[in-house]
Amino acid sequence: VLELVIALTGTAIVFALPRLTAWLAPWLSPLLGEPVLLNSLRATVGFALMLIPAVAMGATLPLLVSALSRNTKSFGQALGGLYGWNTLGAVGGVLLAELFLVAQLGIRGTALVAGACNCIAALLSLFVDRSLESAPKTPPAPARGQPAKPGARARLILATAFGLGALLLGLEVIWFRILILIVAGTPYTFAVMLAVVLAGIGCGGLIASAWLTAREEAWRGIPLLCLLAGGLCLWLYLGFGFYSSASSGGEAAAFLRVVSLAFPLMFPVALLSGLLFPLLGERLHAELGGETRSAGLLTLANTVGAALGSLIAGFTLLPRLGMETSLFVLALGYG
């Protein structure tokens, strides 16, 4: 049902937006002299349009984790695997849409392809549901009674997830600003940068899933991984000059140029961020119980942190501190 909601509402937005623009223009044009109010209203309209498909997207992962946890060794293993493959799918979506589909099919054609993929996902979920029902289930954990209210330790875990989301998205804004000084700010440049970050997160999720399969207490490595992320953030930026020498060539060379710059700067820290998310999830589940609830609260904290982190980096840190100092502050945040 959620996948069908995403398909219908997401596609409808693309087809309705041009007409909506024409309808809103007479109402908003008197506010051209009030940019703060105008942009606030535009953001509100955009938020309202995206709300239904985005909420449906956010609900799918916790429900999938709940289903898959019945057939896996641990909650973190299921969370890491689904989180990893879901994010790697996002990499394919970003690159396929920007580099091929929009050019061949246009914006509306690309939206229809995306909606069709959601419909396929809806059908696949029915088959997966039947296979999970027939598959042998992992013996359930001892009953915990009613799900526990978040205690001090659970709140600390959620605060950590919030902070990690804010730090990575804040860094992403700064990384983009750094790279735009060197490469052209074309749509495919943005798509490649985003794909590199998502690829790191996805690979990290899969590594965490495998690690939790091999070692149940892999979450004990969280503090060391946080310190490593902060150290790598600084070290990779300090070494940026070694791999950012100028190059020339056609469009293919420009594409490879963006990849060669973005990958060493962004991928390692994004990988560690993706690794930390399932490890935190495993620890949170041990505190709270309830697969859907744990995955939902963890995703909520991490994603709200990411939203605020990008805004703070773009509108506060960069204007007041500049790129290098902002990056240093965020690296300290991992510590």
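What you are looking at is a predicted structure, and each value in this text was computed from that prediction instead of being measured.

Section: the overall build of the protein
Broken down by element type, the protein carries eight helices and zero strands. Helices and strands in the protein line up, N terminus first, as α-α-α-α-α-α-α-α. Against the globule reference of 20 Å for 335 residues, the protein gives a C-alpha radius of gyration of 21 Å, in line with a compact fold. Viewed in the frame of its principal axes, the protein has a C-alpha envelope of about 60 × 45 × 40 Å.

Thoughts on helix 8 (residues 291–334)
For helix 8, built from 44 residues, the straight-helix expectation of 64 Å at 1.5 Å per residue is missed by more than 12%, its first-to-last C-alpha distance being only 27 Å. Along its length, helix 8 shows its largest kink, about 115 degrees, at Gly 322.

Things to note about the packing of aromatic side chains
This model, assessed by the stated rule, comprises three aromatic pairs. Plain terms: the ring middles of Phe 176 and Phe 190 are 5.4 Å apart, the flat faces sit at 75 degrees to each other, and that makes the pair edge-to-face. With Phe 176 in helix 4 (residues 152–180) and Phe 190 in helix 5 (residues 187–214), the pair connects residues that are 14 residues apart, well separated along the chain. Exposure remark for Phe 176: the relative accessible area of 13% places this residue in the buried category. Judged by relative accessible area, which is 46%, Phe 190 ranks as partly exposed. Between Phe 263 and Phe 267, the aromatic rings sit 4.4 Å apart at their centres with planes inclined by 15 degrees, giving stacked as the arrangement. Of this pair, Phe 263 and Phe 267 are both found in helix 7 (residues 251–288), four residues apart, which corresponds to roughly one turn of the helix.

Considerations on the packing of helix 1 (residues 2–28) against helix 2 (residues 35–68)
To characterise two packed helices, one gives the angle between the axes of the helices and the distance between these axes. Interhelical geometry of helix 1 versus helix 2 gives an angle of 180 degrees and a closest axis separation of 11 Å. As far as their axial angle goes, helix 2 and helix 1 are roughly antiparallel. Here the residues of the contact of helix 1 with helix 2 sort into 19 nonpolar, three polar and two charged.

Topic: the environment of Cys 203
Looking at the secondary structure, you find Cys 203 in helix 5. On the basis of relative accessible area, Cys 203 is assigned to the partly exposed category, the value being 28%. Cys 203 sits 67 residues away from Ala 270 along the chain, and the two C-alpha atoms are 9.0 Å apart. With residues up to four places along the chain from it excluded, the contact list for Cys 203 reads Leu 88, Phe 267 and Leu 271.

So, the packing of helix 4 against helix 8
Contact pair helix 4 / helix 8: the axes reach a minimum separation of 4 Å and the direction vectors enclose 45 degrees. Compared by their axis directions, helix 4 and helix 8 come out oblique. By crossing handedness, the relation of helix 4 to helix 8 is classed as right-handed.

Digging into the pattern of salt bridges
Pairing is possible between side chains of opposite charge, provided their charged atoms come close. Inspection of the entire model under this criterion finds three salt bridges. Here Arg 220 ties to Glu 217 by a salt bridge, and the two come within 2.8 Å at their closest N and O atoms. Among the residues examined, Glu 217 registers a relative accessible area of 37% and is labelled partly exposed. One network of salt bridges, in which partners are shared, links Arg 153, Arg 283 and Glu 287.

Focus: the environment of Val 91
Note that Val 91 resides in helix 3 (residues 75–134). Given the relative accessible area of 12%, Val 91 is considered buried. Once the C-alpha coordinates of Val 91 and Gly 202 are considered, the two residues, 111 residues apart in sequence, prove to be 8.7 Å apart. What Val 91 contacts, discounting residues up to four positions off in sequence, is Ala 195, Leu 198 and Ala 199.

Observations regarding the side chain of Thr 87
Checked against the element boundaries, Thr 87 lands in helix 3. Classification of Thr 87 by relative accessible area gives buried; the value is 7%. Those residues within four positions of Thr 87 in sequence are excluded, and the remaining contacts are Leu 198, Ile 201 and Gly 202.

Brief notes about a nonpolar patch on the surface
A surface patch of nonpolar side chains, amounting to about 660 Å² of accessible area, comprises Phe 162, Leu 300, Val 304, Leu 308, Leu 311, Ile 312 and Phe 315. Turning to its location among the elements, Phe 162 is positioned in helix 4. A relative accessible area of 32% places Phe 162 in the partly exposed class.

Considering helix 3
Taking 1.5 Å of rise per residue, the 60 residues of helix 3 would be expected to cover 88 Å, yet its terminal C-alpha atoms sit only 20 Å apart, more than 12% below that figure. The largest bend in helix 3 comes to about 115 degrees, at Gly 106.

Quick word on the confidence of the model for the protein
Any segment with low pLDDT has predicted coordinates that should not be analysed in fine detail. Residue-level pLDDT values for the protein average 87, and 93% of them are 70 or greater. Between residues 140–145, whose pLDDT stays under 50, and residues either more than four places distant or in other chains, the model counts four contacts.

What counts, and at which threshold
Residues numbered from 1 in each chain as written. Predicted model: local features only at pLDDT ≥ 70, side-chain atom pairs only at ≥ 80, totals over all residues. Heavy atoms only, no water. Helix = DSSP H or I, 4+ residues; strand = E, 2+ residues; numbered from the N terminus. Rg over C-alpha atoms; globule rule 2.2 N^0.38 Å. Expected span 1.5 Å × (residues − 1). Bend = angle between axes of the 7 residues up to and from the residue. Phe/Tyr/Trp six-rings, centres within 6.5 Å; stacked < 30°, edge-to-face > 60°. Buried < 20%, exposed > 50% of the residue type's maximum accessible area, 1.4 Å probe, protein only. Axes fitted to C-alpha atoms, helices over the stretch in contact; angles between N-to-C directions. Parallel < 35°, antiparallel > 145°, perpendicular 65-115°, else oblique. Nonpolar A, V, L, I, M, F, W, Y, C, P; charged D, E, K, R; others polar. Contact = heavy atoms within 4.5 Å. Left-handed = near helix turned anticlockwise from the far one by under 90°. Salt bridge = Lys/Arg side-chain N within 4 Å of Asp/Glu carboxyl O. Patch = residues over 30% accessible without salt bridge, like charges linked within 9 Å, V, L, I, M, F, W, Y side chains within 5 Å. Areas by Shrake-Rupley, 256 points an atom, 1.4 Å probe, with all protein chains shown as cover. pLDDT = per-residue confidence, 0-100.

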